[in-house]
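Results of the structural survey
The residues making up each chain are set out below.
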Amino acid sequence: MDMNEIKEIFFQECEEQLAELESGLLKLNDGDRDPETVNAVFRAVHSIKGGAGAFGLDDLVSFAHVFETTLDCVRSNRLDPGPEVLKVMLKSADVLADLTNAARDGGSVDEARSRQLIKELEALANGEVPQSSAAPAEPAAKPVAAAAPPPVNDEGFQPVAFSFDDFDAAEEPPLMDMPTYEIVFKPKSDLYAKGNEATLLLRDLSRLGEMSIHCDMGALPTLDRLSPESAYFFWKISLKTDKGEDAIRTVFEFAEWDCELEISFIEDEVGQSGEDLPMQPVPFDLSILDDEPAISVGVVEEEEQLASRQQDRDAAVAAAATASNVLQMAQSATRAPAEKAAPAASAAAQSAAAQQAAASAATPTIRVDLDRVDRLINLVGELVINQAMLSQSVVENDTNGTSSINMGLEELQQLTREIQDSVMAIRAQPVKPVFQRMSRIVREIADMTGKSVRLITEGENTEVDKTVIDKLAEPLTHMIRNAVDHGLETPEKRLAAGKSAEGTVRLTAKHRSGRIVIELADDGAGINREKVRQKAIDNDLIAADANLSDEEIDNLIFHAGFSTADKISDISGRGVGMDVVKRSIQALGGRINISSKPGHGSVFTMSLPLTLAVLDGMVVTVANQTLVVPLTAIVETLQPEAAAIHSFGSNQRLISIRNSFCPLVDVGRILNFRAIQANPVEGVALLVESEGGGQRALMVDAIQGQRQVVIKSLEANYTHVPGIAAATILGDGRVALILDVDAIVAASRGHSLKPEMSLAAAG
């Protein structure tokens, strides 16, 4: 693996760390004060800084270092993460993301903004908290501390209250069964050059357990030979911890290449179980402790004997000390009550079980290039088509239906379905990354407009095909900008209307009828329909005397070049927002609806397919044409009877279903496959349910069967056709069109399809 591949992996990990950073800061902003949340935020910035230092990304390292220092103040409870503090940190997270993107793509960032945020972060680290985030001062009329001084007797004695419970707590015996590790940490000069600090690493190491440390300064040269860019100190550390060696190495994760690290496990003298230990004899000769000097012959022999005697005496003293220590520890273990040993052993077992469960819960993952997944999905699609062709060929040439070939084909069909489901699950991803990206858009637009906005997200873990997720960012961005700029009022107007000064934008995602539904709601003023109508008249979009419903007026905002802004700004006014939204949603095979109530806000609802690859459909025949109706839209099928058909108006018909009436829609007439309506009794009715349109009975000539089909985009290969969502290839090689059920239902309600774009029957 070359350096470019390693760098690409680093940037992929940066995206994950930035998402973790954004998520943690938003939790803190919502009032979450869990220390693990703070630690997760700190680790994200620390990881980005460490990796950036390894690749020499100085700008990223410098900013991340200041950011990390401020977060460390929060982690050590020296800085309260109030609203103003978190506002600075959220902006800093945005700049950190910009710096990461610039380092990856070679772009540039706003240096003035970066410098300003560095100053603000440094001020926070120095304790200069903005006034608005500081707690309000207590009124001067209520001095609590000075109101009741302690009484003093005649001799001037002032009693001091204390509790004996503190002494009992302080005399808890130390844990004797904690594993001990000896660590030698020798930094290299590159460690400091990349923005790491040995003191921060040592402090993180101390959080793992009880630590004793010794700094070796033996390599420190004289002042004239001292190099400020060199590393002379190294540390010898003894650490008692039950976290294991992996936790120790995690502390040095991004400094491992820039230091010499030695970790060794020291066997404990006392067993982990805490049972009584037998006394072990320690051999040594007590006679060497005798102070009587030996008779020597010659000065040289006397000196050698004295030296030897001194060494023996030192060894004896050390051995005696060792024996004493062993005796004391054995006696201590013997004196320990059994009732205390049992809870300790139980706690140790629970801790080990928890660590083992956590290790087993961590699902191993691999990184796969997206192009490989796309190729796999395309091959699965071709497999589905060929399986359908093979099945149809066998059916046409074998009428027996119980042959071994048919049984094998059924197994092949089931296996193909399982493969397709598994492959599609690989591409399914939660919408959380896209939703988190919208938080930054809200903050930026709120700052530009001077509004106070709160974004609430729901259903972030709703999964959808990655292709859909990749194309969701652009329409959601335009909709968020529109909601904050046009939908929400200024704080003054909101207060005057009896609302809170802070506006709310709610972004939700959920599954419904085999599709994903994304709603964007605001509690603003709603759509000003009079203003929209007048703007449409001024732009010659509608006639002055046009009679439009509220829904039709609301949909005027999707016209290209349409804007109700009084002046052009950096945010809006050019009319290139909502038309982009509609085109993007239609390109995904989706649709968008508006529901607005003046004075209460608006709701934009987007309905999108879960995948753009395959779907389950019912193959039907309409005027000798083969169509596919998505199975998720069908409620039931029924054979109409003459008594159940009722005429309504000049050309409308209703069908009675269980004492209720449902409009009957001739699909062939809507799509201009035939000039006159077909006889309902001779066909089949499909009861379908659409978004916002209620139930309709779609009239088709016959049902061929239910199949899984591969979606082929008409947008990419031809053009957008009203009433048609996509196309597919059938088992006999013919092309079949997939119905857009909602467009057909809308056409039946009076929104007719454009004649020039509707489909005419071929031959």
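Look up: the structure comes first, before these words.
This section reports on the structure supplied with the text. Just so you know, these numbers come straight off a predicted model, no measurement behind them.

Residues Leu476 and Ile518 are the most contacted members of the largest nonpolar core, which totals 45 residues. In this structure Leu476 touches Val434, Phe435, Met438, Leu507, Ile518 and Met606, once residues within four positions along its chain are discounted. By size, the runner-up hydrophobic cluster in this structure holds 38 residues, among which are Val66, Met89, Val95 and Leu96.

Let us look at the sheet that holds strand β20 (residues 702-710). What the 5 strands build is an open sheet, ordered β20-β12-β13-β22-β21; its pairing is mixed. In the strand order of this sheet, the two ends are held by β20 and β21 (724-729), each with one partner. Going across the sheet, the axis of each strand differs from the next one's by a mean of 35°, ignoring polarity. Across 8 bridges, strand β12 (residues 614-622) lies against β20 in antiparallel orientation. Paired with Asp616 across the bridge in β20 is Gln708.

The next point concerns helix α12 (residues 370-397). Here α12 spans 41 Å end to end across 28 residues, near enough to the 40 Å set by a 1.5 Å rise per residue. Within α12, the full set of buried residues consists of Val373, Ile377, Val380, Gly381, Val384, Ile385, Gln387, Ser391, Gln392 and Val394. Looking at the buried residues of α12, the elements they touch are α13 (404-427), β20 and β21.

Turning our attention to the pattern of salt bridges. Scanning all chains against the criterion turns up 30 salt bridges. A salt bridge links Arg454 to Asp30; its shortest N-O distance comes to 3.1 Å. Taken together, the positions of Arg454 in strand β6 (residues 452-458) and Asp30 in the loop between α1 (3-29) and α2 (35-54) put the pair 424 residues apart, joining distant regions of the chain. On the accessibility criterion, Arg454 (31% relative accessible area) is partly exposed. Notably, a salt bridge pairs Asp701 with Arg674, separated by 3.4 Å at the nearest N-O pair. One end of the pair, Asp701, is in the loop between β19 (694-700) and β20; the other, Arg674, is in the loop between α21 (667-670) and β18 (684-690), with 27 residues separating them in the sequence.

Note that Lys499 resides in the loop between α17 (491-496) and β8 (502-512). There is a polar contact of 2.8 Å between the side chain of Lys499 and the backbone oxygen of Gly524. With residues up to four places along the chain from it excluded, the contact list for Lys499 reads Glu489, Arg494, Asp523, Gly524, Ala525, Gly599 and His600.

In this section: the layout of surface pockets. When its volume is computed, the largest pocket comes out at roughly 2000 Å³. Gln12, Glu15, Glu16, Gln429 and Pro433 are, among the 45 residues lining the largest pocket, the residues nearest its centre. Elements supplying a minimum of two residues to the lining of the largest pocket: α1, α2, α4 (83-105), α12, α13, β5 (428-430), α14 (432-449) and α15 (466-470). Sort the elements by how many residues they give to the lining of the largest pocket and α1 lands first, with 13 residues.

Moving on, we get to the sheet that holds strand β1 (residues 180-187). Adjacent strands of a sheet form backbone hydrogen bonds with each other and so pair up, either parallel or antiparallel. Spatially, 4 strands are ordered β2-β3-β1-β4 in an open sheet, and the strand pairing comes out antiparallel. Here the strands that pair on one side only, and so sit at the sheet edges, are β2 (210-216) and β4 (259-266). Each strand axis lies, on average, 15° off the axis of its neighbour in the sheet, ignoring direction.

Relative to each other, helix α3 (residues 58-75) and helix α5 (residues 111-125) sit at 25°, their axes nearing to 9 Å. Considering their axes alone, α3 and α5 lie roughly parallel with respect to each other. Between α3 and α5 lies a crossing whose hand is left-handed. In contact with Phe63, Val66, Phe67, Thr69, Thr70 and Cys73 of α3, α5 contributes Ser114, Leu117, Ile118, Leu121, Glu122, Leu124 and Ala125.

To characterise two packed helices, one gives the angle between the axes of the helices and the distance between these axes. Across the interface, α1 lies against α2 with an axial gap of 8 Å and an inter-helix angle of 155°. In terms of orientation, α1 lies roughly antiparallel with respect to α2. Crossing of α1 against α2: the hand is left-handed. On α2, the residues that touch Phe10, Cys14, Gln17, Leu18, Glu20, Leu21, Gly24, Leu25, Lys27 and Leu28 of α1 are Thr37, Val38, Ala40, Val41, Arg43, Ala44, Val45, Ser47, Ile48, Gly51 and Ala52. In terms of residue class, the contact of α1 with α2 is built from 13 nonpolar, 5 polar and 3 charged.

Okay, the packing of aromatic side chains next. Aromatic ring pairs are reported here in terms of the distance separating the ring centres and the angle at which the planes meet. By the definition in use, this model includes 6 aromatic pairs. Pairing Phe63 with Phe67 gives two aromatic rings, centres 6.4 Å apart and planes at 65°, and the pair type is edge-to-face. With Phe63 and Phe67 both in helix α3 and 4 residues apart, the pair spans about one turn of that helix. The same class applies to Phe63 as to Phe67, namely buried. One aromatic cluster in this structure is built from Phe10, Phe11 and Phe55. The ring centre of Phe42 lies 3.7 Å from the NZ or CZ of Arg75, which sits over that ring. We note Lys186 situated over the ring of Phe234; from NZ or CZ to the ring centre the distance is 4.8 Å.

Over the atoms rolls a probe the size of a water molecule, and its path tells where empty space is left. If you walk through the whole model with that rule in mind, you get 3 cavities of 30 Å³ or more. Lining the largest cavity, in full, are Val384, Ile385, Ala388, Arg707, Gln708, Val709, Val710, Ile729, Leu730 and Gly731. At the level of elements, α12 and β20 are the ones that each hand at least two residues to the lining of the largest cavity. Broken down by element, the residue count for the lining of the largest cavity peaks at 4 residues, all from β20. Each residue belonging to the lining of the largest cavity can be placed in one class, and the counts come to 7 nonpolar, 2 polar and 1 charged. Volume-wise, the second largest cavity comes out at about 50 Å³. Lining the second largest cavity are Phe42, His46, Lys49, Glu68, Asn196, Glu197, Leu200, Leu201 and Asp204. Broken down by secondary-structure element, the contributors of at least two residues to the lining of the second largest cavity are α2 and α8 (198-206). Here the residues of the lining of the second largest cavity sort into 3 nonpolar, 2 polar and 4 charged.

On to α14, then. Given 3.6 residues per helical turn, the α-helix brings residues three or four places apart onto the same face. The end-to-end C-alpha separation of α14 is 26 Å, in line with the 26 Å expected for 18 residues at 1.5 Å each. Just beyond α14, the residue with positive phi is Gly450, at close to 70°.

This next bit is on the pairing of strand β13 (residues 625-630). With 5 of its 6 residues buried, β13 lies for the most part within the structure. Where β12 and β13 come together, 6 bridges link them in antiparallel fashion. Looking across to β13, one finds that Gly617 is bridged to Pro630. Hairpin remark: β12 followed by β13, antiparallel, with 2 residues in the connecting loop; positive phi at Ala623, about 50°. Here 2 bridges tie β13 to strand β22 (residues 735-739), and the two strands are oriented parallel to one another. Residue Leu627 lies in a different strand from β22, and its bridge partner there is Leu737.

Rules used in this analysis
- Residues numbered from 1 in each chain as written.
- Predicted model: local features only at pLDDT ≥ 70, side-chain atom pairs only at ≥ 80, totals over all residues.
- Heavy atoms only, no water.
- Core = buried A, V, L, I, M, F, W, Y, C linked by side-chain atoms within 4.5 Å.
- Buried < 20%, exposed > 50% of the residue type's maximum accessible area, 1.4 Å probe, protein only.
- Contact = heavy atoms within 4.5 Å.
- Pairing = 2+ DSSP bridges.
- Helix = DSSP H or I, 4+ residues; strand = E, 2+ residues; numbered from the N terminus.
- Axes fitted to C-alpha atoms, helices over the stretch in contact; angles between N-to-C directions.
- Expected span 1.5 Å × (residues − 1).
- Salt bridge = Lys/Arg side-chain N within 4 Å of Asp/Glu carboxyl O.
- Polar contact = N/O pair within 3.5 Å; in protein donor to acceptor, adjacent residues only side chain to side chain.
- 1 Å grid on protein atoms, 1.4 Å probe; cavity = no way out; pocket = protein on both sides within 12 Å on 5 of 7 lines; lining within 4 Å.
- Points joined across faces, edges and corners; volume = space filled by probe spheres on them.
- Parallel < 35°, antiparallel > 145°, perpendicular 65-115°, else oblique.
- Left-handed = near helix turned anticlockwise from the far one by under 90°.
- Nonpolar A, V, L, I, M, F, W, Y, C, P; charged D, E, K, R; others polar.
- Phe/Tyr/Trp six-rings, centres within 6.5 Å; stacked < 30°, edge-to-face > 60°.
- Lys NZ or Arg CZ within 6 Å of the ring centre and 35° of its normal.

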